[in-house]
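Geometric and topological summary
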Amino acid sequence: MPDRAGPARIVSSDAEALIRVDENDNQLGILSKRECHDGDGVLHRAFSLFLFDQKGRLLMQQRSAEKRLWPLYWANSCCSHPRAGETMAEATERRLLDELGVRTPLHFIYKFRYQAGYEDLGSEHELCWVYVGRVEEFQLSPNPSELAAWRFVEPDDVDRLMNDPNKLLSPWFRMEWEALRGKYQAAVAEALS
C-alpha cells in the first residue's frame, strides 16, 4: 500500500439507520446496521463500487481488522449502504469521500440479492447495486479506519486470486467480479470507455 493514507476518521457505526427492502428493492422500513447484520441478516439496500485506473487495473481494498464481518478480507474498491433518507447517488458520493477521499463519476451496471454468513458473528443479506468508475492512484487518500491496505491489480491477476479458494476474498466480491467479467463485461467496457 502506498504511503498516502488520509487521517483515520470513524465514518460508520452499528447504529447507522439502513434501508430495509423487499426482493424488488421496495423500501419496507429502517433498521440499524447491527440489526441488519445480526443472525441470518435482514434484506437491506447496499452498493459495491469497482474503480479502475487508466491502465485497466482494479483498485482492491483489504477490509479493516475492526470490521465485524469479513475483517482483513480483500474486496472491491468500496462498498457500503445508503442510510435512511439518502439517495444512492448521495450515498456513493459520501462513501467514496469517507473511505477513499475521492470524487468520481460512477456508472450503474446491475443489482442483485445475496446472503452470506460470517462465522457466528452475523450475515450480509443485501440487495446490492454494483457500479464502476475510474480513479487514479494519485487521487486516493484512504481512511485507515476503513482499510487495512489497498492496491491496484491487473484483471487477469484478480482472476487468478478468484481461482484460489484459500485467498481471503469477500463473498460479495467473488460474486460481483464473476458477473462483471462474464454477463456484464460489455456493459463495463462501455461504461469505462
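Reading the values: rules and limits
- Residues numbered from 1 in each chain as written.
- Predicted model: local features only at pLDDT ≥ 70, side-chain atom pairs only at ≥ 80, totals over all residues.
- Heavy atoms only, no water.
- Helix = DSSP H or I, 4+ residues; strand = E, 2+ residues; numbered from the N terminus.
- Contact = heavy atoms within 4.5 Å.
- Phe/Tyr/Trp six-rings, centres within 6.5 Å; stacked < 30°, edge-to-face > 60°.
- Buried < 20%, exposed > 50% of the residue type's maximum accessible area, 1.4 Å probe, protein only.
- Lys NZ or Arg CZ within 6 Å of the ring centre and 35° of its normal.

As for its placement among the helices and strands, T92 is situated in helix α2 (residues 88–100). Sequence-distant contacts of T92, defined by excluding residues within four places in its chain, comprise F47, L49, L106 and Y131.

Applying the stated criterion across every chain, the model contains 13 aromatic pairs. Pairing Y110 with Y184 gives two aromatic rings, centres 4.3 Å apart and planes at 10 degrees, and the pair type is stacked. In this pair, Y110 is assigned in strand β7 (residues 106–118) and Y184 in the loop between α4 (171–181) and α5 (185–192), connecting sequence segments 74 residues apart. The same class applies to Y110 and to Y184, which are both buried. Ring geometry for F112 and Y114: centres 5.4 Å apart, planes at 20 degrees, overall stacked. Comparing F112 with Y114, the two get one shared label, buried. Three or more aromatic residues joined by ring pairs make a cluster, and in this case those are F50, F52, F173 and W177. Positioned above the aromatic ring of W74 is the side chain of R151, whose terminal nitrogen or guanidinium carbon lies 4.4 Å from the ring centre.

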